[in-house]
Amino acid sequence: MKKYTELKDIKDLSQIVEEAIALKQAPFEFKHLGKNKTLVMLFFNASLRTRLSTEKAAKNLGLEVQILNVNDSWKLEFDDGTVMNADTSEHVKEAAQVISQYADVIAVRAFPSLVDKEKDAQEIVLNSFIKYASVPIVNMESATAHPLQALADVITLEELKTKKKPKVVISWAPHPKALPQAVANSFIEVMQMANVDFTITHPQGYELSDAIVKDTPVIYDQEKALKEADFVYVKNWSSYTDYGKVLSQDASWMMTQEKLGNAKFMHCLPVRRNVVVEDAVLVSENSIVIHQANNRTYAAQVVLKNILENIE
Ligand SMILES: NCCC[C@H](NC(=O)CCC(=O)O)C(=O)O
Ligand SMILES: NC(=O)OP(=O)(O)O
């Protein structure tokens, strides 16, 4: 693996999932791989899991870790040819080259604006680092994708499934804030790569990009979609068609124990209790969100391991 900015960087999903599960059993086996090497993590947005699990994964591999909250640094310019006489102090062209001298791998978190759809789709922050850095890049959630989360999700499914081809449903849930489509996009993409019976359910107006959904069935009736589900992944996203808008806060879409039945409950976290999902689900045996968050470490570790093995 030369980089991990999108799920397409995974050549063989079942092989990488197997490798991640093996790393979970023996997390320090490859501690030599990162010796005298450094991971620099750049955060343009808040994080709990991604930050701590990726740092843990890196340290398990013997890497040094440096973290920069970009808001504490100089405001970066991304546009070409700008006269930088306003509020941006440093161009990503210099920043990426400079950081590449300190880092052997650079990981970036940069959420979308949710204002300008075309600009968000261009993934300007992530792609600028891919273009101007001279070391491998890892996506820690970009404008349109969260491939580390999706990998942790598929590892979790593989560990906890009780049938060969489980039924998996992703269900939209209400939320007071406009959230990105990234988590849903990557979960859908990874489910299309996995051996599952997969369905999407959301209210009208919350259709995701056709390029993501492809031929996955979309059912607007949540109850119908959830029938006989083995795993239910709950997530809010803001409208993609009416870009970045909160069109509905319909509480009837909140996940409840009654709707979930015997299915396992998944969520990437952080989750708004009693808005996205009722308390009763999170305290029940059917909630696997903590297990899922633990797997973020092994998703990051398998990615960093594969990248390190490819550095000269
Ligand atoms: N990385 C996991 C999710 C990050 C982000 N959630 C959030 O911003 C939730 C914030 C809140 O609930 O206030 C998202 O949906 O993409
Ligand atoms: N799931 C996830 O990415 O969590 P953080 O935003 O806390 O990193």
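Residues numbered from 1 in each chain as written. Chains lettered and ligands numbered in written order. Predicted model: local features only at pLDDT ≥ 70, side-chain atom pairs only at ≥ 80, totals over all residues. Heavy atoms only, no water.

- An unreviewed UniProt entry annotates the protein chain as N-succinylornithine carbamoyltransferase of Nonlabens ulvanivorans.
- Turning to the protein chain, the UniProt annotation filed under Pathway (unreviewed entry) states: "Amino-acid biosynthesis; L-arginine biosynthesis."
- Its UniProt record, at the heading Sequence similarities (unreviewed entry), says of the protein chain: "Belongs to the aspartate/ornithine carbamoyltransferase superfamily. SOTCase family." (UniProt positions renumbered as here; feature names shortened; annotations may be inferred.)

## Some words on the site of ligand 1
Thinking step 1. Surrounding ligand 1, one finds Arg109, Phe111, Glu141, His146, His175, Lys177, Leu179, Pro180, Lys235, Cys268, Leu269 and Arg272.
Thinking step 2. Note that a nitrogen atom of ligand 1 is positioned 2.6 Å from one of the side-chain N or O atoms of glutamate 141.
Thinking step 3. Here an oxygen atom of ligand 1 and a side-chain polar atom of histidine 175 are 2.9 Å apart.
Thinking step 4. Protein contacts shield 85% of the accessible area of ligand 1, which totals 420 Å² for the unbound molecule.
Thinking step 5. A class-by-class count of the residues in the shell around ligand 1 yields five nonpolar, two polar and five charged.
Thinking step 6. Viewed by domain, the shell around ligand 1 spans two of them, domain 1 (7–145 + 296–309) and domain 2 (147–292), each represented by three or more residues. (Near = heavy atom within 4 Å. Polar contact = N/O pair within 3.5 Å; in protein donor to acceptor, adjacent residues only side chain to side chain. Areas by Shrake-Rupley, 256 points an atom, 1.4 Å probe, with all protein chains shown as cover. Nonpolar A, V, L, I, M, F, W, Y, C, P; charged D, E, K, R; others polar. Domains from an automatic or database assignment.)

## What about the site of ligand 2?
Thinking step 1. Ser47, Leu48, Arg49, Thr50, Arg109, His146, Gln149, Cys268, Leu269 and Arg296 make up every residue found near ligand 2.
Thinking step 2. At 2.7 Å from an oxygen atom of ligand 2 is found a side-chain nitrogen or oxygen belonging to serine 47.
Thinking step 3. Measuring from an oxygen atom of ligand 2, one finds a backbone N or O atom of leucine 48 at 2.7 Å.
Thinking step 4. Expressed as a share of its isolated accessible area of 250 Å², the protein-covered part of ligand 2 is 93%.
Thinking step 5. Split by residue class, the shell around ligand 2 holds three nonpolar, four polar and three charged.
Thinking step 6. Composition of the shell around ligand 2 by domain shows at least three residues from each of domain 1 (7–145 + 296–309) and domain 2 (147–292).

## Regarding the sheet that holds strand 11 (residues 264–266)
Thinking step 1. Taken together, the five strands give an open sheet; going across it, the order is 9-8-7-10-11, and neighbouring strands pair in parallel fashion. Single-partner strands in this sheet number two, and they are strand 9 (218–219) and strand 11.
Thinking step 2. Examined bridge by bridge, strand 7 (residues 167–172) and strand 8 (residues 197–201) share five bridges and lie parallel to one another. Opposite valine 168, over in strand 8, you have phenylalanine 198 as the bridge partner.
Thinking step 3. The strands touched by helix 6 (residues 147–160) within the sheet are strand 7, strand 10 (231–235) and strand 11, with strand 10 carrying the most contacts at an inclination of about 155 degrees. (Pairing = 2+ DSSP bridges. Helix = DSSP H or I, 4+ residues; strand = E, 2+ residues; numbered from the N terminus. Contact = heavy atoms within 4.5 Å. Axes fitted to C-alpha atoms, helices over the stretch in contact; angles between N-to-C directions.)

## A word on the domain arrangement of the protein chain
Thinking step 1. Looking at the protein chain, the domain boundaries give domain 1 (7–145 + 296–309) and domain 2 (147–292).
Thinking step 2. Look at where the C-alpha atoms of domain 1 and domain 2 centre, and you get two points 25 Å apart.
Thinking step 3. Taken together, the contacts link 31 residues of domain 1 with 32 residues of domain 2.
Thinking step 4. Of the roughly 2500 Å² buried between domain 1 and domain 2, counting both surfaces, carbon and sulfur atoms make up 71%.
Thinking step 5. We note a salt bridge from glutamate 159 to lysine 24, for which the minimum N-O separation is 2.9 Å.
Thinking step 6. If you look at where domain 1 meets domain 2, you find six residue pairs in polar contact (both at pLDDT 80 or more).
Thinking step 7. Those elements giving two or more residues to the side of domain 1 that touches domain 2 turn out to be helix 1 (13–25), helix 2 (49–60), helix 4 (117–121), strand 6 (137–139) and helix 12 (289–310).
Thinking step 8. Looking at the side of domain 1 that touches domain 2 residue by residue, the class counts come to 19 nonpolar, four polar and eight charged. (Buried area = accessible area lost by both parts, 1.4 Å probe. Salt bridge = Lys/Arg side-chain N within 4 Å of Asp/Glu carboxyl O.)

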